[in-house]
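# Chains, contacts and geometry: an overview
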Amino acid sequence: IKQNDQPQTSKFNFWVITPLVCMSIGLYDGFLGPGTGTFLIIALVLVAKMPLLNATATAKAFNFASNVGALTMFIISGKVYYACAVPMAFANIGGNWVGSHYAMKHGDGFIKKILVVSLTLLFVYLAWRYF
């Protein structure tokens, strides 16, 4: 985080509450997964008071760590279908590369729009599926 982008929150929230929230989200990610990055971004903005672009970048590191942990356990248990996983991983890397460039180029306003669209789509899908 750049000097002028320092979170404006208490040290307790930043060093205690934020890691607890992120650990809880990581637990969710290990069980289910969808929406984890969005939950992390929202938590970092609301709890750690990070600027949106910084929260998005930080969430990527947290989400990567959570995914590595879950993937390790799934590999150990022999549950990974590699014929599907490997091409999907490369497609995911490509999508993340493009998305991160757009986020850095267009900033917080662009991220907010994408966040609202993705949350709306997720809500509509869940409402349609379960109600």
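About the thresholds
Residues numbered from 1 in each chain as written. Predicted model: local features only at pLDDT ≥ 70, side-chain atom pairs only at ≥ 80, totals over all residues. Heavy atoms only, no water. Phe/Tyr/Trp six-rings, centres within 6.5 Å; stacked < 30°, edge-to-face > 60°. Buried < 20%, exposed > 50% of the residue type's maximum accessible area, 1.4 Å probe, protein only. Helix = DSSP H or I, 4+ residues; strand = E, 2+ residues; numbered from the N terminus. Contact = heavy atoms within 4.5 Å. 1 Å grid on protein atoms, 1.4 Å probe; cavity = no way out; pocket = protein on both sides within 12 Å on 5 of 7 lines; lining within 4 Å. Points joined across faces, edges and corners; volume = space filled by probe spheres on them. Nonpolar A, V, L, I, M, F, W, Y, C, P; charged D, E, K, R; others polar. Axes fitted to C-alpha atoms, helices over the stretch in contact; angles between N-to-C directions. Parallel < 35°, antiparallel > 145°, perpendicular 65-115°, else oblique. Left-handed = near helix turned anticlockwise from the far one by under 90°.

So, about the packing of aromatic side chains. Within this structure, the stated rule accounts for four aromatic pairs. Summarising the aromatic geometry, the rings of phenylalanine 14 and tryptophan 15 are spaced 5.0 Å apart at their centres and angled 90° between planes, so their arrangement reads as edge-to-face. With centroids separated by 5.9 Å and ring planes inclined at 25°, the aromatic side chains of tyrosine 102 and phenylalanine 110 adopt a geometry described as stacked. Taking the relative accessible area as the measure of exposure, tyrosine 102 reaches 43% and is therefore partly exposed.

All of the buried residues in helix H2 (residues 36-46) are Thr36, Gly37, Thr38, Leu40, Ile41, Ala43 and Leu44. Along its buried surface, H2 packs onto helix H1 (11-31), helix H3 (52-76) and helix H4 (82-130).

On to the layout of surface pockets, then. In this structure, the largest pocket occupies an estimated 1700 Å³ of space. In this structure, the largest pocket is lined by 45 residues; those nearest its centre are Asn63, Asn67, Asn92, Ile93 and Asn96. Where the lining of the largest pocket is concerned, the elements lending two or more residues are H1, H2, H3 and H4. A per-element tally of the lining of the largest pocket places H4 first, with 20 residues. When grouped by side-chain class, the residues that make up the lining of the largest pocket number 27 nonpolar, 15 polar and three charged.

Time to look at the environment of alanine 103. Within the secondary structure, alanine 103 is located in helix H4. Sequence separation between alanine 103 and glycine 37 is 66 residues, and the spatial gap between their C-alpha atoms is 14 Å. The contact partners of alanine 103, leaving out residues within four places of it in the chain, are Leu53, Phe110 and Ile111.

Taken N-terminus to C-terminus, the directions of H1 and H3 make an angle of 40°; their axes are 10 Å apart at the nearest point. When the axes of H1 and H3 are compared, the pair comes out oblique. Between H1 and H3 lies a crossing whose hand is right-handed. Of H3, the residues touching H1 (which contributes Cys22, Gly26, Asp29 and Gly30) are Phe62, Asn63, Ser66, Asn67, Ala70 and Phe74. Looking at the contact of H1 with H3 residue by residue, the class counts come to four nonpolar, five polar and one charged.

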